[in-house]
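Residue-level structural notes
Residues per chain are reported as follows:
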Amino acid sequence: QVQLVESGGGLVQPGGSLRLSCAASGPIFSISTMGWYRQAPGKQRELVASISSGGDTVFADSVKGRCTSSRDIANDTVYLKMDSLKPEDTAIYYCNARLRSTPSSWFKDYWGQGTQVTVSS
């Protein structure tokens, strides 16, 4: 089955940086968008960034100017680089991929298990 595996989370000091990675594996024919969402305690899951197969990116207003995202199409991997981290960036970060497993199947959303990012001194 399709799996998304995230890495790169952890404890970061305010003002610091981190880079998250997410690799998709399994029966994949094509991926349209890949992206990152986050969920802080007591809050709804929200979009952080998404990137299309053509490289077009969308960022949440809260991270614009502090975030970049890129994709390695050949390896079905997406990256998120966040700079100038703030305590309010603390959350579980989830990788998302909208993909189809065969040429005739519908696109479907898949999620990673999540990686904790904590911004604290």
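Here, the structure is the one placed above.
Residues numbered from 1 in each chain as written. Predicted model: local features only at pLDDT ≥ 70, side-chain atom pairs only at ≥ 80, totals over all residues. Heavy atoms only, no water.

A tally of helices and strands in the chain yields zero helices and 11 strands. Each helix and strand of the chain, ordered N terminal to C terminal, gives the series β-β-β-β-β-β-β-β-β-β-β. Taken over C-alpha atoms, the radius of gyration comes to 14 Å for the chain, in line with the 14 Å a tight globule of 121 residues would show. In the chain, which comprises 121 residues, the share counted as buried stands at 39%. Sequence-distant contacts, at least 24 apart, represent 56% of the contacts inside the chain between residues at least 6 apart. Surface summary for the chain: the accessible area is close to 6,500 Å², and the carbon and sulfur share equals 49%. Of note, the chain has its 12 positive side-chain charges centred 2 Å away from the centre of its 10 negative side-chain charges. (Helix = DSSP H or I, 4+ residues; strand = E, 2+ residues; numbered from the N terminus. Rg over C-alpha atoms; globule rule 2.2 N^0.38 Å. Buried < 20%, exposed > 50% of the residue type's maximum accessible area, 1.4 Å probe, protein only. Contact = heavy atoms within 4.5 Å. Areas by Shrake-Rupley, 256 points an atom, 1.4 Å probe, with all protein chains shown as cover. Lys, Arg positive; Asp, Glu negative; His and termini not counted. Charge placed at Lys NZ, Arg CZ, Asp CG, Glu CD.)

Our focus in this paragraph is the side chain of S21. With respect to the helices and strands, S21 occurs in strand β3 (residues 18-25). In this structure S21 comes out as buried when scored by relative accessible area, which is 17%. Among all residues touching S21, those that are not within four sequence positions of it are V5, E6, S7, W36, V78 and Y79.

Time to look at unusual backbone geometry. The residue D76 is not glycine, and still its phi comes out positive at about 50°. Classification of D76 by relative accessible area gives partly exposed; the value is 23%. Notably, S84 is not glycine yet its phi reads approximately 50°, a positive angle. Mapped onto the fold, S84 is located in the loop between β8 (77-82) and β9 (91-100). Under the relative-accessibility criterion, S84 is labelled partly exposed at 41%.

Our focus in this paragraph is the sheet that holds β8. Taken in spatial order, the four strands make up an open sheet running β1-β3-β8-β7, and their pairing is antiparallel. Each end of this open sheet is capped by a strand with a single partner; those strands are β1 (3-7) and β7 (67-72). Within the sheet, the average angular offset between the axes of one strand and its neighbour, ignoring direction, is 15°. Where β3 meets β8, six bridges bridge the pair, whose relative direction is antiparallel. Of the residues in β8, the one forming a bridge with L20 is L80. (Pairing = 2+ DSSP bridges. Axes fitted to C-alpha atoms, helices over the stretch in contact; angles between N-to-C directions.)

A covalent bond between the sulfur atoms of two cysteines is what we call a disulfide. Considering all chains together, one arrives at one disulfide under this definition. There is no disulfide at C67, and the cysteine sulfur nearest it, in C95, is 13 Å away. Taking the relative accessible area as the measure of exposure, C67 reaches 8% and is therefore buried. (Disulfide = S-S within 2.5 Å.)

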